[in-house]
Amino acid sequence: MNQVKSKFYYGWIIVLLTFVTLLVSAGIRSMPSVLMIPFQDEFGWSRGEISSVASIGILLYGLVGPFSAALLLRFGIRKVVLIALAVLAASLAVTPFITALWQFDLLWGLVSGLATGMMANVLGVTVSNLWFVKRKGLVVGMLTASAAAGQLLFLPLLAKMTSDYGWRSAMYTAVAGIVTVFVLVAIWMKNHPSDVGAAPYGTDEIVKPTPFRGNLFLSPIQNLGYAMKNKTFWLLAGTFFFCGFSTNGLIGTHLIAACGDHGMVEVAAAGLLAMMGIFDLFGTTISGWLSDRFDSRWLLFWYYGLRGLSLLFLPYALDATPAMLVIFSVFYGLDWIATVPPTAKLAGETFGKEKSGMIFGWIVVAHQIGASTAAYGAGVMRDWLGSYTQAFVIAGFTCFFASLMAIRVKRHLAERKDMTLQA
């Protein structure tokens with residue numbers, strides 16, 4: 001029996017199911033970038049108005065994270081994910097009937113933001129904490145990479161369907177994808193290794209899950225209060241603010257529209273995001289592998305620094321040949337969200353297994369505040385200035401600042417270890 005277990009660990013099935021769930025959730029969350037120009041043409045809404053809806057959705061996508069971590073521990077992964085998928089499918093199914101901006105705001109700013117937030121990075125961190133002792137960095141990297149894969153699979157398909165058949169057909173295709181994932185999760189998802197008579201990967205002892213104690217709404221807030229006393233939390237949250245500012249809030253929301261300003265059709269622009277997805281699929285998975293072996297703080301230094309250079313290169317690439325945009329997509333894509341595994345590892349090392357899920361959720365809130373700021377701000381700057389160049393340059397320099405903040409984490413971790421030794 002032990003030999004069978006050594007050859008196959010059910011936790012990898014859980015990783016696969018979580019990967020697919022996050023993949024679909026990320027694909028859905030990125031759809032406003034495809035809808036921006038069609039909505040502008042059909043309803044007459046400005047880039048700033050459409051961006052405001054995307055901004056609210058992105059903010060809620062992160063804000064629900066800490067509470068999602070508590071819900072996952074209290075009610076189990078399977079039940080929470082199934083409810084989130086059902087709500088998301090209902091939201092998308094109603095979207096083709098909207099006629100006013102407030103309806104788009106309600107469905108995509110509020111409902112979709114909350115539902116996808118239940119299936120954000122916190123879900124991947126929770127799965128890795130419950131099912132794995134060893135290979136945690138690799139697992140977090142793989143699950144984080146699913147966001148890139150979501151763009152890889154969804155955006156070109158949805159952009160093509162929007163171009164050929166209209167955005168409503170693309171919406172119904174997304175609903176079909178959600179329903180498929182719902183069935184897979186309902187059949188095979190398990191909450192804890194003990195549910196299948198297994199121990200967490202890397203250990204031999206089968207233990208029952210620790211019952212969640214505390215208030216579902218107060219516990220995340222109490223953990224936030226605890227984390228705010230630690231300088232490492234502020235550094236990680238600060239770097240993650242700039243991470244969101246320079247990724248899904250800016251590039252994920254506005255790159256297709258920016259390419260349209262330079263004469264590139266939506267399908268081709270979506271292909272650039274798909275290319276980024278391909279390279280980030282490798283880059284983020286490798287980042288997880290590296291975070292198991294190297295100093296996560298220096299990994300973050302290089303990730304943010306190289307991303308900043310890529311963003312400063314982007315305005316030139318948009319004005320140059322398509323080959324320059326391909327070069328941007330490759331280098332930017334390699335660390336699109338490669339920052340997540342080392343950030344999650346630093347949070348785990350600092351706050352411990354029990355608290356790290358909810359505290360990392362708050363760090364993700366900072367990420368989404370940054371993303372929300374960029375999503376709305378870049379749209380407004382485009383309306384005012386007629387170009388995205390200024391937004392790309394600002395984001396590039398903020399990445400350089402984030403790389404310096406990442407180095408500062410080391411000093412505070414060292415101080416914490418010294419305090420522990422003295423105690």
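Residues numbered from 1 in each chain as written. Predicted model: local features only at pLDDT ≥ 70, side-chain atom pairs only at ≥ 80, totals over all residues. Heavy atoms only, no water.

**A closer look at the pattern of salt bridges**
For step 1, the next point in the chain: This structure, assessed with the given rule, holds 5 salt bridges.
For step 2, the next point in the chain: The partner of D295 in a salt bridge is R297, with the nearest N and O atoms 2.8 Å apart.
For step 3, the next point in the chain: With its nearest N and O atoms 3.9 Å apart, the salt bridge here joins R307 to D335. Placement of R307 in helix α15 (residues 296-319) and of D335 in the loop between α16 (322-334) and α17 (340-385) is noted, with a sequence separation of 28 residues between them. (Salt bridge = Lys/Arg side-chain N within 4 Å of Asp/Glu carboxyl O. Helix = DSSP H or I, 4+ residues; strand = E, 2+ residues; numbered from the N terminus.)

**Observations regarding helix α11 (residues 218-227)**
For step 1, the next point in the chain: Buried residues of α11: S219, P220, N223, L224 and A227, and no others. In an axial view of α11, the angular spread of the buried residues amounts to 145 degrees, which keeps them on one side of the axis. (Buried < 20%, exposed > 50% of the residue type's maximum accessible area, 1.4 Å probe, protein only. Arc of directions from axis to C-beta.)

**Observations regarding the packing of aromatic side chains**
For step 1, the next point in the chain: Throughout the structure, instances matching the rule amount to 28 aromatic pairs.
For step 2, the next point in the chain: With 5.7 Å between their ring centres and 85 degrees between their planes, F39 and W45 make a pair best called edge-to-face.
For step 3, the next point in the chain: Residue F39 is classed as buried on the basis of its relative accessible area, which comes to 0%.
For step 4, the next point in the chain: For W45, a relative accessible area of 10% puts it in the buried group.
For step 5, the next point in the chain: Ring geometry for F39 and W167: centres 4.7 Å apart, planes at 75 degrees, overall edge-to-face. On the criterion of sequence distance, the pair formed by F39 in helix α3 (residues 32-43) and W167 in helix α10 (residues 167-188) is long-range, its members being 128 residues apart.
For step 6, the next point in the chain: With relative accessibility at 3%, the residue W167 sits in the buried group.
For step 7, the next point in the chain: Within the aromatic cluster, the residues linked to one another by ring pairs are Y9, Y10, W12, W131, F132 and Y201.
For step 8, the next point in the chain: Note that R74 overlies the ring of F75, its terminal NZ or CZ placed 4.8 Å from the centroid. (Phe/Tyr/Trp six-rings, centres within 6.5 Å; stacked < 30°, edge-to-face > 60°. Lys NZ or Arg CZ within 6 Å of the ring centre and 35° of its normal.)

**Observations regarding the nonpolar core**
For step 1, the next point in the chain: Within the largest apolar cluster, 121 residues are counted, with the highest numbers of intra-cluster contacts made by I28, L92, F104, W108, F233 and I251.
For step 2, the next point in the chain: The greatest single-element share of this core, amounting to 14 residues, is contributed by α17.
For step 3, the next point in the chain: Once residues lying within four places of it in the same chain are set aside, the contact partners of L92 are I28, W108, M171, A174, V175 and I178.
For step 4, the next point in the chain: Counting residues in hydrophobic clusters, the runner-up holds 6 residues, among them A69, V122, L216 and M358. (Core = buried A, V, L, I, M, F, W, Y, C linked by side-chain atoms within 4.5 Å. Contact = heavy atoms within 4.5 Å.)

**Digging into a nonpolar patch on the surface**
For step 1, the next point in the chain: Residues V179, F182, V183, I187 and W188 make up a contiguous nonpolar surface patch of roughly 440 Å² in combined accessible area.
For step 2, the next point in the chain: Checked against the element boundaries, I187 lands in helix α10.
For step 3, the next point in the chain: Residue I187 is classed as partly exposed on the basis of its relative accessible area, which comes to 48%. (Patch = residues over 30% accessible without salt bridge, like charges linked within 9 Å, V, L, I, M, F, W, Y side chains within 5 Å. Areas by Shrake-Rupley, 256 points an atom, 1.4 Å probe, with all protein chains shown as cover.)

**What about helix α4 (residues 47-63)?**
For step 1, the next point in the chain: If you check α4, its first and last C-alpha atoms are 24 Å apart, about what 17 residues at 1.5 Å a residue would give, namely 24 Å.
For step 2, the next point in the chain: Counting buried positions along α4 gives 12 out of 17 residues, so the element sits mostly inside the fold.
For step 3, the next point in the chain: For α4, the full list of buried residues reads R47, G48, I50, S51, V53, A54, S55, G57, I58, L60, Y61 and G62. (Expected span 1.5 Å × (residues − 1).)

No statement about biological role is implied by the geometric values presented.
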